[in-house]
Amino acid sequence: MSSTIGTLFRVTTFGESHCKGVGAVVDGCTPKLQLTEEDIQPQLDRRRPGQSDLSTPRDEADHVTILSGTENGLTLGTPIALLVHNRDQKPGDYKEMQNIPRPSHADYTYQMKYGIRASSGGGRSSAREAIGRVAAGAVAEKMLLSNYGVEIVAWVSSAGSIQSNQVDMLTVTRSMVDKNTVRCPDSPSAKSMEELIREVAENKDSIGGTITCVCRSCPAGWGEPVFDKMEARLAQAMLSIPATKGFEIGSGFRGTQMRGSEHNDPFIQKKSGLGTFTNFSGGVQGGISNGEPVYFRVAFKPVATIGQSQKTVDFNGKETVLEAKGRHDPCVLPRAVPIVESMAALVLADLALIQESRKP
Ligand SMILES: Cc1cc2nc3c(=O)[nH]c(=O)nc-3n(C[C@H](O)[C@H](O)[C@H](O)COP(=O)(O)O)c2cc1C
């Protein structure tokens, strides 16, 4: 079931990078929710390549069609099938890589696992697979916003060694994030990041970084003890995104350098009930949301396919030099922002329905 996520809000993605189409089937969405392609397309537009000179010049429009599960703009409660046709295919770009597994990509491991693999574009390991996640994530977001008022916003918080200054998690919006091509709402840092990514691209290299995500207005009580803790489910979802290498929630690894007296989040009385004064917990305690904003950070590696020549060996063990010809991203972070938001939405939608199922 490696292409399926979720227990009650269940999503299966399908499609390889260069087959006829990619997408997802969403099973478990509540009925009578207003949903059309217009709810889904904006997030796909934020993921698609060719948005700026910072990403790959591949030009894929990635238009989504809802094949089933809605009528007259309302969900029917039945499986929602979402399809995006693959258009801008240039399998020729991958010719020189057919017999050479790309260092730090998934060509070797797919071949070892299945004894066969998609001949170009990375197949299921390509970021085109994430189209299904983003389309399904938009459905989950619509359900979360309509039924609970949950808002999810992610942004690029570092690129290489450039760290963004503090961003206000309570007020940051997607339009603030989208003000620049790098998707970092702190403008001076964004400028430095853009310069760095351009320099890296000129050197035919790639660069990694981090994305921070906040989920506001999650009610207290979502997340399951013991194995389906909210942070465990989020970590699993985030680390399933291609090129991710790390996950931390709340104070994360930095919290290891604090004392308990600084790190504890004291309870205070708020309008809506008990809240906490600080939020080093990242909105989750004992695996269950406490009503404070849920926030976490995801680390992305510098992606594998680079134009520089790399010494390696082919599938027969013969020494060779690989110079990738494809049109690849020097830094995937700006395009990964909607993927992080979508995966967060899929997890929260599932945990919300699980909690609903407890109601008498
Ligand atoms: C939005 C996005 C775009 C990506 N584009 C590329 C790319 O152009 N070239 C590449 O080598 N990897 C790219 N990747 C990463 C690969 O898909 C990933 O490294 C590969 O599947 C191997 O998996 P792993 O890095 O998680 O081990 C991209 C990832 C994301 C999230």
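Residues numbered from 1 in each chain as written. Predicted model: local features only at pLDDT ≥ 70, side-chain atom pairs only at ≥ 80, totals over all residues. Heavy atoms only, no water.

Student: Would you explain the overall build of the chain in this entry?
Tutor: Along the chain, the regular secondary structure elements total eight helices and 18 strands. Its C-alpha radius of gyration of 21 Å places the chain within 12% of the 21 Å reference for a compact globule of 360 residues. Overall size of the chain, expressed as C-alpha extent along the three principal axes, is 65 × 50 × 35 Å. Among the 360 residues that make up the chain, the fraction classed as buried is 51%. Considering only contacts in the chain between residues 6 or more positions apart, those separated by 24 or more positions represent 71%. Accessible area for the chain stands at about 17100 Å²; split by element, carbon and sulfur atoms hold 53% of it. The centroid of the 40 positive side-chain charges in the chain is displaced by 2 Å from the centroid of its 40 negative side-chain charges. (Helix = DSSP H or I, 4+ residues; strand = E, 2+ residues; numbered from the N terminus. Rg over C-alpha atoms; globule rule 2.2 N^0.38 Å. Buried < 20%, exposed > 50% of the residue type's maximum accessible area, 1.4 Å probe, protein only. Contact = heavy atoms within 4.5 Å. Areas by Shrake-Rupley, 256 points an atom, 1.4 Å probe, with all protein chains shown as cover. Lys, Arg positive; Asp, Glu negative; His and termini not counted. Charge placed at Lys NZ, Arg CZ, Asp CG, Glu CD.)

Student: How do you make sense of the sheet that holds strand β9 (residues 162–163) when you look at a structure like this?
Tutor: What links the strands of a sheet is backbone hydrogen bonding, and the strands pair in either a parallel or an antiparallel sense. With respect to topology, five strands assemble into an open sheet ordered β9-β8-β10-β16-β11, the strand pairing being antiparallel. Each edge of the open sheet carries a strand with a single partner, namely β9 and β11 (244–249). Of the strand pairs in this sheet, strand β10 (residues 209–216) and strand β16 (residues 294–300) are connected by seven bridges, and their pairing is antiparallel. The residue bridging isoleucine 211 from the neighbouring strand is valine 298, located in β16. Contacts from helix α6 (residues 230–238) reach β11 and β16, with the element oriented near 160° to β11. Those strands touched by helix α8 (residues 333–356) are β8 (151–159), β10 and β16, and its axis lies near 140° from that of β8. (Pairing = 2+ DSSP bridges. Axes fitted to C-alpha atoms, helices over the stretch in contact; angles between N-to-C directions.)

Student: Would you mind showing me how to read the site of the ligand here?
Tutor: Neighbouring the ligand are 14 residues, the closest being His105, Ser125, Ala243, Lys301 and Thr305. Interatomic distance of 2.3 Å between a side-chain N/O atom of threonine 305 and an oxygen atom of the ligand. In the environment of the ligand, an oxygen atom lies 3.2 Å from a nitrogen or oxygen atom belonging to the backbone of aspartate 329. Its free accessible area being 630 Å², the ligand has 88% of it covered by the protein chains. Of the residues belonging to the shell around the ligand, the class tally is seven nonpolar, four polar and three charged. (Near = heavy atom within 4 Å. Polar contact = N/O pair within 3.5 Å; in protein donor to acceptor, adjacent residues only side chain to side chain. Nonpolar A, V, L, I, M, F, W, Y, C, P; charged D, E, K, R; others polar.)

Student: So what exactly am I meant to see when it comes to the packing of aromatic side chains here?
Tutor: What characterises a pair of aromatic rings is the spacing of the ring centres plus the angle enclosed by the ring planes. Counted under the stated rule, the structure contains three aromatic pairs. Taking 5.9 Å as the distance between ring centres and 55° as the angle between the ring planes, the aromatic pair formed by tyrosine 110 and tyrosine 114 counts as tilted. In this pair, tyrosine 110 and tyrosine 114 both sit in helix α2 (residues 107–114), four residues apart, roughly one turn of the helix. Owing to a relative accessible area of 27%, tyrosine 110 belongs among the partly exposed residues under this scheme. Consider the rings of tyrosine 148 and tryptophan 222, whose centres lie 4.9 Å apart with planes at 85°: the pair is edge-to-face. Of this pair, tyrosine 148 sits in helix α3 (residues 130–148) while tryptophan 222 sits in the loop between β10 and α6, placing them 74 residues apart in sequence. (Phe/Tyr/Trp six-rings, centres within 6.5 Å; stacked < 30°, edge-to-face > 60°.)

Student: When you look at the pattern of salt bridges in this model, what are you seeing that I'm missing?
Tutor: As a working rule, side chains carrying opposite charge can pair if their charged atoms are close by. Considering all chains together, one arrives at 19 salt bridges under this definition. Here arginine 47 ties to aspartate 62 by a salt bridge, and the two come within 3.3 Å at their closest N and O atoms. In this pair, arginine 47 is assigned in helix α1 (residues 37–47) and aspartate 62 in the loop between α1 and β4 (64–66), connecting sequence segments 15 residues apart. Looking at arginine 47, the relative accessible area reads 1%, which means it is buried. Overall, the relative accessible area of 4% leaves aspartate 62 in the buried class. (Salt bridge = Lys/Arg side-chain N within 4 Å of Asp/Glu carboxyl O.)

Student: Help me understand the packing of α6 against α8, please; the structure alone is not making it clear to me.
Tutor: To describe two helices that pack against each other, one gives the angle between their axes and the distance between the axes. Packing of α6 against α8 leaves a shortest axis separation of 9 Å and a crossing angle of 145°. The element α6 and its partner α8 pack so that their crossing is right-handed. Residue-level inspection shows Met230, Arg233, Leu234, Ala237 and Met238 of α6 in contact with α8, the latter providing Val340, Met343, Ala344, Val347, Leu348, Asp350, Leu351 and Ile354. Residues that form the contact of α6 with α8 fall into these classes: 11 nonpolar, no polar and two charged. (Left-handed = near helix turned anticlockwise from the far one by under 90°.)

Student: Sorry if this is basic, but what is going on with the environment of serine 126 here?
Tutor: Residue placement: serine 126 occurs in the loop between α2 and α3. Sequence-distant contacts of serine 126, defined by excluding residues within four places in its chain, comprise Ser17 and Gly121. Looking at serine 126, its side chain comes within polar contact range of the main-chain nitrogen of arginine 128, at 2.9 Å.

That is the geometry; function is a separate question.
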